[in-house]
Amino acid sequence: MALPATDPQSHDAGLLDAYSSTVADAVDRIGPAVCRIGPVADGRRAAGQGSGFVISPDGLIVTNSHVVGEERALRVAMPDGTSTEGRVLGRDADTDIALVRADGHFPDFAPLGDSKRLRRGQIAIAIGNPLGFEWTVTTGVVSALGRSMRALSGRLIDDVIQTDAALNPGNSGGPLVSSAGEVIGVNTATIRGAQGIAFAVASNTANFVIAEIIRFGRVRRAFIGVSADTVALPRRVALLARVTSRAAVRLRSVEAGGPAAKAGLKEGDIIVAIDGHAVGGVDDLVRMLNAERIDRETVFAVVGRSGVSQVTMTPAARPLT
């Protein structure tokens, strides 16, 4: 018996309906928690204006550090027309994440999901307030994972999500949402002049920053008291140091009384590895000096005038600036 012919148009319409329903369901779930963030007083511009989203019923809001700028108080507007004041609990320019506490109770909130479960090609939905068009939805896919992006502070942000969901000024700080209705990233940047290339800080990075701000008021990072440059590493030195990288970090200056100075490091010394992991440049050094190394003995492989040595030092918490 012959099977009935399938109408291609009906099949395509069904796929479109399924896609539309998936996106609409995710927006219905997360959209009510997305807010507009701006200056407290009308007529006075804040350092940045953009979006954010509520992550707990007591008014914790995630946004970008460049959105809050140096402000301490902000105006938070919700989709239901309510508006309240919020205060900045902490900001981390190195990851472009900030945490705000808004006054009031918020029944609609959007907890952060697990960005490690993401796959390229997954649906990505951006919700925000681009160019003054409030609570706009755009869609695309997760274009790439594990990108690195330079923050305004100069530090590399690791594990950045690339997406082709359209982002514009004002989207900053809003959520990037999966088809399952989970927040997978915090929209942060676009490349000027490019089309279909935008970036979001991964939700797991945001979770780490939020936990640090709640506990310590800031993100702690290790400090050894040096300034440094990335330099080429001669092959013979790399072999001697038992590393495979072609570059390392040369100390330009060593701060008196700092952990590096106390351990005997001097200007011109070259750091090639930390705890056995190659240091291929200044970005690697900054990334590896994280909070886990604060007050913990750490072994640095150092090339100096007398050859390669293993230097043990205890990084301190980076001072507030």
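Just above, that's the structure.
Overview of the structure. All of these numbers come straight from a predicted model, not from anything done at the bench. (Residues numbered from 1 in each chain as written. Predicted model: local features only at pLDDT ≥ 70, side-chain atom pairs only at ≥ 80, totals over all residues. Heavy atoms only, no water.)

Considerations on the overall build of the protein
Counting its regular elements, the protein contains six helices and 20 strands. Dimensions of the protein, computed from the C-alpha atoms along their principal axes, are close to 80 × 65 × 35 Å. A sequence separation of at least 24 residues applies to 58% of the contacts in the protein between residues at least 6 apart. Of the charged side chains in the protein, 34 are positive and 33 negative, and the gap between their average positions amounts to 10 Å. (Helix = DSSP H or I, 4+ residues; strand = E, 2+ residues; numbered from the N terminus. Contact = heavy atoms within 4.5 Å. Lys, Arg positive; Asp, Glu negative; His and termini not counted. Charge placed at Lys NZ, Arg CZ, Asp CG, Glu CD.)

Describing the side chain of Asp96
Within the element layout of this structure, Asp96 appears in the loop between strand S5 (83-92) and strand S6 (97-102). Buried charge Asp96 goes without a salt bridge, the closest partner of opposite sign being Arg91 at 9.1 Å. Not counting the four nearest positions on each side in its chain, Asp96 is found in contact with Thr63, Asn64, Ser65, His66, Ile157 and Thr188. (Buried < 20%, exposed > 50% of the residue type's maximum accessible area, 1.4 Å probe, protein only. Salt bridge = Lys/Arg side-chain N within 4 Å of Asp/Glu carboxyl O.)

Quick look at unusual backbone geometry
In this structure, Asp96 is a non-glycine residue whose phi angle is positive, near 60°. With a phi angle near 55°, Asp159 is a residue other than glycine that sits in the positive phi range. Mapping Asp159 onto the fold places it in strand S9 (residues 156-163). Under the relative-accessibility criterion, Asp159 is labelled partly exposed at 37%.

Considering the sheet that holds strand S2 (residues 50-54)
Picture the strands of a sheet paired through backbone hydrogen bonds; they go either parallel or antiparallel. Pairing is antiparallel around the closed barrel formed by six strands, whose spatial order is S1-S2-S3-S6-S5-S4. Across the sheet, the axes of successive neighbouring strands diverge by a mean angle of 40°, strand direction being ignored. Of the pairings in the sheet, the one linking S5 to S6 comprises six bridges and is antiparallel in character. When the sheet's bridge partners are listed, Val88 is paired in S6 with Val100. Taken strand by strand, helix H3 (residues 203-216) contacts strand S3 (60-63), S5 and S6, and its axis lies near 55° from that of S6. (Pairing = 2+ DSSP bridges. Axes fitted to C-alpha atoms, helices over the stretch in contact; angles between N-to-C directions.)

Topic: the sheet that holds S9
The sheet built from six strands closes into a barrel, its strands ordered S7-S8-S9-S12-S11-S10 with antiparallel pairing. The sheet shows a mean angle of 50° between the axes of neighbouring strands, direction not considered. The sheet contact formed by strand S7 (residues 123-128) and strand S8 (residues 136-150) spans six bridges and is antiparallel. Counterpart to Ile123 in the pairing with S8 is Val141. Relative to the sheet, H3 contacts S9, strand S11 (183-190) and strand S12 (198-202), its axis offset from that of S12 by approximately 45°.

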